[in-house]
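Read off the chains here:
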Amino acid sequence: MKNARVDVWTLVLAVSVGVIGVLLVWPLTSIFAASVIDNRTGDLTLDNYVRVLTRPFFQTAMLNSLIVGVGGMLGALLLGIPLAVLTTRYVIAGRQFLSTLAVLALVSPPFIGAYAWIMMLGRNGFIRLGLESIGIEVPSIYGFFGIILVFSLKFYPFVFLLTASSLGTINPSIEEAAEGLGARPWRRLFQITLPLVFPAISAAALLTFVLSIADFGTPSIVGGNVRVLATTAYNLFNSEMGGNPGLASATSVVLIAMSLVVVALQRYAVRRRNVAGALIRRPVPRRLGRLASVVAHVVCYSIVLVSSLPSLVVIYMSFRKTSGPVFQPGLSLDSYAKIIREVPHVIGNSATYSFIAVALIVIVGTGIGYLLARRETVLTGALDGAFVIPFVMPGVVLGLAYVVTFNVPPLELTGTATIIVLMLFIRRLPYTVRSSVSILKQIKGSLEEAAISLGAGPAQAFLKITLPLMLPGIVAGGLMSFITAINELSSSLILYVGRTMTMPVRIYLSVLDGEFGTAAALATILLFASGLAVYLIFRVSGRNESAFV
Amino acid sequence: MSTLTRVSAILAGAAMGLALAVPAEAQQRVSVYTAHTANIVERLLPEFEKATGIKADVVKAGSGDIINRVRAEQASPKADVIWSIGAELLEANANLLEPYQPKDAAMIADAFKTTGAWLPYTGILNVFVINTRKLKPEEYPKTWMDLAQPRFRGQISAADADKSGSAYMQLNTFLTIYGDNAAGWDRFKTVFRNMNISASSGAVPRFVNDGEASVGITLEDNAYLFLKNGGPVAIVYPEDGTSVIADGMALVRRAPNPAAGKAFIDWALSAPTQELVVQELGRRPIRKDAKPPGALKPLEQIKLVNYDIKNAANKRKEYIDKWNDLLQSR
């Protein structure tokens, strides 16, 4: 009995280590190796790093990445924290509606937002013209303002969801004690409430920073003259493809390092801050005074509605009548007819790749999650550490690493659908692993042990006892992976060939070529696929918004 | 054990899905790398597939990116045909290409004859595209140097010469007129200062059409697409000169499907395809027997400079380095 138990999970462990080794460690090593090799001579050199760190061209890109990273993070915090505090601490009508819209903003691809904002705030954008007619000047959408605006409105739901769920678990008696001791509401908020949820806020801040510096589509569409590291790496890669992509690789390593520094900072900041809330009763939302209530509602609804604007614009544009690339007055299904006629395989590809990747993620992720939660060894510890990598590895970098690694034998995969599926798989796997670990921590291991002592094998015990208990969590995690997989742009853009083109790639190319009609129609299809997945997540997880982070 | 069976069924299903996702090579296929915008590709490819029964796989990117990709794949080429990219790039990379004598070689107009490593596909012409709501006719820029006027600051949309074949051609045209020397570059800088650089040449007429810029430097056919469909745009042919050259295509050396690649080139040069490209897309034909698009100004009435493709190919690295210096120092 004891032996059989070791065998099944040892096998899973071996497979996991193999998968991580081939799909993650090897590509990462290759890109690191490429960064220290001279493009022409093939000698070992630090020249690429010297250039990246000393040339003004790269220094500017680095500085710009920092600015948009910090800007996107601050913007998201500024929108997300008030929304979380107001909706959890006070009575806000339509709270469910607000959180649903916030989640929908979260699952729409950010570069769609970027181009919708051009329509609204570009030189000829309807909102700009409207505001100018009443004398309000808006800064140009091209550049920092546009990038940070898009990031803030795109990423604030992470802050909102993480902070709100943390606010829901702290013991209200601490806040009440502060009140009883005479602290005014503002002081109570800043000295008691926010410090208590600091771990959640800092985790959200970290997440938004990492996502902001990794984002490729937004700066390349509304960036104007602002170059960031992600776009620089992509451009370098394109112009270096003939040789070893040394400079692009060095830029990528710098980008990863930047994310790692922030991860370390966040971990340092929350050390010893783990306030395990002894949850006795949930905080009850209070009623606000009439004026305060009006202000609170205006704040909440403005944030959520403004962040939904890009999706509405995209949906509207997809139904506009078109003639060639020119929009005509009136509505029609032209753009949809066009994509169904001309690029049906792109829609099929996106669906197929995402489904296969998610099936693999769910199977492998659950297995690895089980190992990490129930079998703590040195090796599983290392495995856990390895999962930080995809989290801090921007899509552009992962795409580059895959080209460098899988363009040559023994595993020549470039140009195939397999490489895109594997990329999607490895990018989203860590999230499913984490969620299954946290589900498993809530399920007592003794249930399984009881089954084993009654004569079940370890595999049978897992499948019959633990798996059914995990199922709702797994399904929600799988759907979330599906949403991110079907919206993936930056790695696919590097790895695609004609027949493996996906919807986000096609949308991005259309936007670059100025074909907004077809881009909008494809984007609307993506939005609806993601919306459907959101609906299903709500169904299986009983409206638990934290399933989204 | 039923759950275990179900799980293995899912696993098997996933594995099968993976296998299915790698397509079977039953039908004859051709792999095409092109700088054509996606809408042109999607308009023309069904015609090709109908005419030849061959299925085409297309990778779309800027001219520069395409050549880089073909060079990177030199050891085991993935592309059969390079379709519609800047002529000087093909000229400069003849070692990546396989010379081919097409069926209709005799029908190619003399003006577009090439050295043989590659073939002309259509004639392309650089123009200014103007937003007619933002500028009155008397305010239109008439020459390249007009673009340097302070009133056009940030109002001129252009593509990145490093990525876009047409943008490189525009830079070269300017230097052909004003001199490939310090004075010529100084003049170019005054125009460059007013430019907004977009990531793709296809975006330039779109920006002008949408009023995001009042003037764009672009290919005639890209502008024509917006004009034909009722967009608020006008086309201006610079009075100090512009260039018309062949936009090229070529068979890739050691192409995986050379027969299909040749069939593609023959199709592209055939009379029906050339007619289609002229009528639908506003490109200039390279066949002796095809008429230019009706709505566009005849070539004889446009001031053309003597555009030297060989020189453009030889100087590419030098010019692009200078261009990138300009771009990186702004």
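Quick notes on the rules
- Residues numbered from 1 in each chain as written.
- Chains lettered and ligands numbered in written order.
- Predicted model: local features only at pLDDT ≥ 70, side-chain atom pairs only at ≥ 80, totals over all residues.
- Helix = DSSP H or I, 4+ residues; strand = E, 2+ residues; numbered from the N terminus.
- Rg over C-alpha atoms; globule rule 2.2 N^0.38 Å.
- Buried ≥ 20, exposed ≤ 12 C-beta atoms within 10 Å, placed from the backbone.
- Contact = placed C-beta atoms within 7 Å.
- Domains from an automatic or database assignment.
- Pairing = 2+ DSSP bridges.
- Nonpolar A, V, L, I, M, F, W, Y, C, P; charged D, E, K, R; others polar.
- Axes fitted to C-alpha atoms, helices over the stretch in contact; angles between N-to-C directions.
- Parallel < 35°, antiparallel > 145°, perpendicular 65-115°, else oblique.
- Left-handed = near helix turned anticlockwise from the far one by under 90°.
- Core = buried A, V, L, I, M, F, W, Y, C linked by C-beta atoms within 7 Å.

Looking now at the overall build of chain A. Of the regular secondary structure elements, chain A holds 25 helices and 2 strands. In terms of C-alpha radius of gyration, chain A reaches 24 Å, essentially the compact-globule figure of 24 Å for 549 residues. For chain A, the spread of C-alpha atoms along the principal axes amounts to about 70 × 70 × 50 Å. Counting every position in chain A, which comprises 549 residues, the buried fraction comes to 50%. Long-range pairs, those at least 24 residues apart, make up 80% of the contacts in chain A with a sequence separation of at least 6.

Right, let's talk about the overall build of chain B for a bit. Each helix and strand in chain B was counted, giving 12 helices and 10 strands. For chain B, the spread of C-alpha atoms along the three principal axes comes to 80 × 55 × 40 Å. Here chain B, with 330 residues, has 49% of them falling under the buried criterion. Within chain B, residue pairs in contact and separated by at least 24 positions form 78% of the contacts whose partners lie at least 6 positions apart.

As a further point, take the domain arrangement of chain B. Interfaces are frequently sized by the accessible area removed from exposure as the parts join. Residues and elements named next belong to chain B. Looking at the assigned domains, one finds that chain B contains domain 1 (25–123 + 245–293) and domain 2 (124–244 + 302–328). Using only C-alpha atoms to locate each centre, domain 1 and domain 2 end up separated by 25 Å. With 21 residues of domain 1 in contact, the opposing surface of domain 2 contributes 23 residues. Elements with a contribution of two residues or more to the side of domain 1 that touches domain 2: α3 (63–72), α4 (87–92), β5 (119–131) and β10 (244–252). Take the side of domain 1 that touches domain 2: its biggest share by element is 5 residues, from α4.

Our focus in this paragraph is the pairing of strand β6 (residues 156–159) of chain B. Residues and elements named next belong to chain B. The alternating pattern of β6 places Ile156 and Ala158 and Ser157 and Ala159 on opposite faces, both of which are buried. Bridge count for β6 against strand β7 (residues 195–198) is 4 bridges, and the pairing is parallel. Opposite alanine 159, over in β7, you have serine 198 as the bridge partner. As paired elements, β6 and strand β8 (residues 215–219) share 2 bridges and run parallel to each other. The residue bridging isoleucine 156 from the neighbouring strand is valine 215, located in β8.

A separate point is the domain arrangement of chain A. Residues and elements named next belong to chain A. Along its sequence, chain A is carved into domain 1 (1–35 + 319–549) and domain 2 (42–310). On a C-alpha basis, the centroid separation for the pair domain 1 and domain 2 is 23 Å. Counting from both sides, the interface comprises 31 residues of domain 1 and, opposite them, 37 residues of domain 2. Sorting the residues of the side of domain 1 that touches domain 2 by element identifies α1 (2–35), α18 (388–392), α19 (395–406), α24 (503–513) and α25 (516–541) as the ones contributing at least two each. No other element matches α25, which puts 6 residues into the side of domain 1 that touches domain 2. Its residues assigned to classes, the side of domain 1 that touches domain 2 shows 23 nonpolar, 7 polar and 1 charged.

What follows covers the environment of A:Ile303. Residues and elements named next belong to chain A. The residue isoleucine 303 is located in helix α14 (residues 290–318) in this model. A residue is classified by how many C-beta atoms lie within 10 Å of it, and isoleucine 303, with 25 of them, is buried. For the pair formed by isoleucine 303 and leucine 291, sequence separation is 12 residues and the distance between their alpha carbons is 19 Å. Other than its neighbours up to four places away in sequence, isoleucine 303 contacts Leu79 and Leu83.

Right, let's talk about the interface of chain A and chain B for a bit. Taken together, the contact pairs 41 residues of chain A with 45 residues of chain B. For the side of chain A that touches chain B, the secondary structure elements donating two or more residues are α12 (229–240), β2 (326–331), α16 (344–374), α20 (417–442), α22 (458–486) and α24 of chain A. If you tally residues by element for the side of chain A that touches chain B, the top one is α16(A), at 6 residues. Its residues placed into classes, the side of chain A that touches chain B shows 18 nonpolar, 17 polar and 6 charged.

All names here are of chain A. For the pair helix α8 (residues 172–180) and helix α9 (residues 185–196), the least separation of the axes is 10 Å and the interaxial angle reads 165°. When the interaxial angle is binned, α8 and α9 end up roughly antiparallel. Every pair of crossing elements has a handedness; the one defined by α8 and α9 is right-handed. Along its contact with α8, which presents Ile174, Glu175, Ala178 and Glu179, the element α9 presents Arg188, Ile192, Thr193 and Leu196. Partitioned by chemical class, the residues of the contact of α8 with α9 number 4 nonpolar, 1 polar and 3 charged.

Residues and elements named next belong to chain A. For α24, the buried fraction is high: 11 of the 11 residues fall into the buried class. Within the sequence span of α24, burial applies to Met503, Pro504, Val505, Arg506, Ile507, Tyr508, Leu509, Ser510, Val511, Leu512 and Asp513. Downstream of α24 by one or two residues, glycine 514 has phi in the positive range, about 80°.

With that settled, the discussion passes to the pairing of β8(B). Residues and elements named next belong to chain B. Counting buried positions over the 5 residues of β8 gives 5, a clear majority of the element. Pairing geometry for β5 and β8, over 5 bridges, is antiparallel. Each bridged residue has a counterpart across the sheet, and for phenylalanine 128 the counterpart in β8 is isoleucine 217.

A few words now on the nonpolar core. Among the nonpolar cores identified, the biggest contains 265 residues, and A:Ala230, A:Ala233, A:Ala357, A:Leu400, B:Val81, B:Ile82 and B:Met249 are the most heavily contacted of them. In this view, B:Ile82 contacts B:Tyr33, B:Ile66, B:Val70, B:Met249, B:Ala250 and B:Val252; residues no more than four positions away in its chain are not counted.

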